[in-house]
Amino acid sequence: MSVRVSEQTEAITVFLADEIDLEHSPEARKALLVAFDKKKPVIADLQAVTYIDSSGVASLVEAYQKAQQVKQSFALARVSESAMKVLALARLDKVFTIR
Amino acid sequence: MTERGEDKVLRRERYLELLADLQDEIASAQDITHAAPGILRRLAEALQAESASLFLLEGEFSDPRARLVCRACVGPSDITGLAVPAGSGIVGRTVATNTAQLIADVTRDPDFIPPQATTGYVIRSLMCAPLSLRGQRFGAVEVMNRLGPDPKFDAHDLELLEALATTAALALSVAQLTERLLADAKVRRELELASQVQRALLPPPQPDAAPVHGFNIPARLVSGDFYDILPLRGGRTAFALADVSGKGMNAALIMVKAATLFRSLGRQISDPGKLLAAIGRELDETLAMGMFVTMVVGVHDPARHEVRFANAGHQPPLLHEGGARFTAYPAEDPPLGIVRHGKARYHETRIDLSNRSLYVFTDGCTEGLLPDGSRLGVEGLRKVLQQHAGESARERLAALALTLQQSDQALHDDVTMIVIEDRLAGAPQRQPERRRPGRSVLVQQTLPAQIGQLKTVRRLVEAAAQQAGAASEWGRDLALAVDEAVQNIIRHGYGGDGKGEIQLRMKRLGDRIAVELVDFAPAVKEDRVKGRRLEDLRPGGLGVHFMHALTDKVQFLKPPSGAGNRLVLSKLLPKRRDPARK
């Protein structure tokens, strides 16, 4: 898996890529949570995600909860087909703001 | 002709103009010695000198054999080609001390060597300036015998000469550098050509179902390693892997010969022991002092599910028998080229290859560096091979190649490996009549309970599903369910400390695939793996939901004695159309 964070003027985008499994989700979780420190809207770009398991989904859920707690916006963008399938399976596709 | 009485300012201007002119000429000259006579003539004219000459240094100045050779001259006596030992004479002193010399009366100079009497040429006054740039000596330029009423050169004359000498030195330095670059480029072009020839000798990537696969990563442009794969009659495949001692061009040339010998003799001699002996005899003729070749040649026979190979001093091939079981087969004969006309036949090893993999590799594999700077070693190699055991041979080799190229440091040795395998599972073309859609074990593997293994588990499940004829999406769903189950065992069963083992077994049971996971952790209560309502939006707990949602049945069954838990996930195969008409 790879994580890349890019800061624009209007938002912070966390690009997650490849396989987000239990081995790698802690890294994704950390990148997402730290992104909120900039006090800007956070976007998780999932275009290059080829696999995501429950721990990866849990990281996204944590980010979602953090956003509510600190009253910042959090959205998923360009969700790959395989990631979308798992989100739908967890019935989280209606919970997240997906662009 | 200008008289010496001319105004000093005017003379200076004249010199500067000439200098600018000559500098241009030197800078644009293709070859300084070619342009030198014209330049020397104008210089002599301006200085009102009788003669001028250019001496260039041949050899390193510190070398006693170094000489100063006259490359160009103008004047009544032609001394072109005249050579003096680098340290002798006034010109030698100029070069040695790297200081311009202004000598009013040469007869008083102890270093003066008069020209041979036969030339009849008499030198009276002289100026000599060194050609040097940043400590590098190229030679000197000399001007002799001022004509006209005042027979002495003065400081202004010397200044002009020195300035000109500096320009000439710069031009010589550039020329020398260019020459070196051109030579390097030529060598590089030749090496690239040799590299292309060598790459062309390697076999193309083999189809997935082929029994032998290999790869070679050269550490330099040319490689001393090679491998080859040669299809024989009756579905058999001959293979070879060799490592020529030493590196660079010599090793590469021997490698080309060994490769050619294998190609030509490999089709005629199917007995590996005899084939290796025959190649050895031919190579004996070629091998230079101290060079040798370690080589493994063999034949895979799919009808017998066996491999036969002979090993001349090469590092032990490794047989992977599944799990952590590896057997090494050390060479019983010396490398080729060590004992002249050694043997008529090399020792042969015969192995039953059913469901096993034989790895033959060069020491570049085990000596390869990992990102932390340590060497991979045989242990590390085994680990990588074990970790990727569930993947196809090509994927496995790719994973190894990647491991060896992760380090920031360049490879210090060529890396070459081949794998020969006869996988019951991986070779569906074998005994197709016995493949019935009944019960068959697709995967059976024991894995350490570590999160790094999850990827392997997924690949194993996906591969087995594919083998059972399911679509890849079906396989990915099952892989996610199994991944979640394995995660639970690692995290909750074993407590996530990386200790313990998990036995993974996948079976085809008629219309479904059953994945059985046996662990040795304390028994879990089933209700803990029931999952929870999805509305309960907390991280975690999703995994169990995925297991249920993506399979048709999740069962805790009675574990075998000694084990802790036995979880079976089963999933119905999609209704299939006739796979033969796919």
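Every residue gets a number counted from 1 within its own chain, in the order that chain's sequence is written. In the order they appear in the text, chains get letters beginning with A and ligands get numbers beginning with 1. The predicted nature of this model means local features are confined to residues of pLDDT at least 70 and side-chain atom pairs, given and counted, to a pLDDT of 80 or more, with totals for whole chains, interfaces and linings taken over all residues. Side-chain calculation: all heavy atoms of the structure are included, whereas hydrogens and water are not.

Novice: What's the story with the interface of chain B and chain A in this structure? I'm lost.
Specialist: Throughout, a residue-residue contact means that at least one pair of heavy atoms, one from each residue, lies within 4.5 Å. Listed per partner, the contact involves 25 residues of chain B and 22 residues of chain A. Around 1,900 Å² of area is buried between chain B and chain A when both sides are counted, 61% of it from carbon and sulfur atoms. The term salt bridge refers to a pairing of a side-chain nitrogen on Lys or Arg with a carboxyl oxygen on Asp or Glu at a separation within 4 Å. For the pair chain B and chain A, the number of links is six salt bridges. A salt bridge links Glu19 of chain A to Lys455 of chain B; the nearest nitrogen and oxygen atoms lie 3.6 Å apart. Distance and chemistry together define a polar contact, namely a pair of N or O atoms within 3.5 Å, with one atom able to donate a hydrogen and the other to accept it when in protein, and with adjacent residues in sequence counting only for side-chain atoms on both sides. Connecting chain B to chain A are nine residue pairs in polar contact (both at pLDDT 80 or more). In this classification, the charged set is Asp, Glu, Lys and Arg, the nonpolar set is Ala, Val, Leu, Ile, Met, Phe, Trp, Tyr, Cys and Pro, and all remaining amino acids, among them Gly, are polar. Per-class residue counts for the side of chain B that touches chain A are 11 nonpolar, five polar and nine charged. When two parts are put together, the accessible area they lose, computed with a 1.4 Å probe and summed over both, is reported as buried area.

Novice: So what exactly am I meant to see when it comes to the pairing of strand β16 (residues 415–421) of chain B here?
Specialist: Residue and element names in this part refer to chain B. Counted residue by residue, β16 has seven buried out of seven residues, so it is predominantly covered. For every residue, the accessible area obtained with a 1.4 Å probe (protein chains only) is divided by the maximum for its type, and the residue is called buried under 20%, exposed over 50%, and partly exposed between those limits. Secondary structure follows DSSP: runs of H or I at least 4 residues long count as helices, runs of E at least 2 residues long count as strands, and numbering of each begins at the N terminus. Here β16 shows a buried face lined by Val415, Met417, Val419 and Glu421 and a second buried face lined by Thr416, Ile418 and Ile420. Being paired, for any two strands, means DSSP has found at least two bridges between them. With six bridges connecting them, strand β7 (residues 212–217) and β16 associate as antiparallel partners. Bridged to Val212 within β16 is Ile420. Relative to β16, strand β15 (residues 357–361) runs antiparallel, the two sharing five bridges. In the sheet register, Ser357 faces β16, and the bridge partner there is Glu421.

Novice: Would you mind going over helix α1 (residues 25–35) of chain A with me for this structure?
Specialist: Residues separated by three or four positions in an α-helix point in the same direction, a consequence of the helix having 3.6 residues per turn. Along α1 of chain A, the residues classified as buried are Ser25, Ala28, Ala31, Leu32, Leu33 and Ala35 of chain A. Buried residues along α1 of chain A sit in contact with β1 (2–7), β2 (12–20), β3 (42–52), α2 (54–70) and β4 (74–77) of chain A.

Structural measurements only, silent on function.
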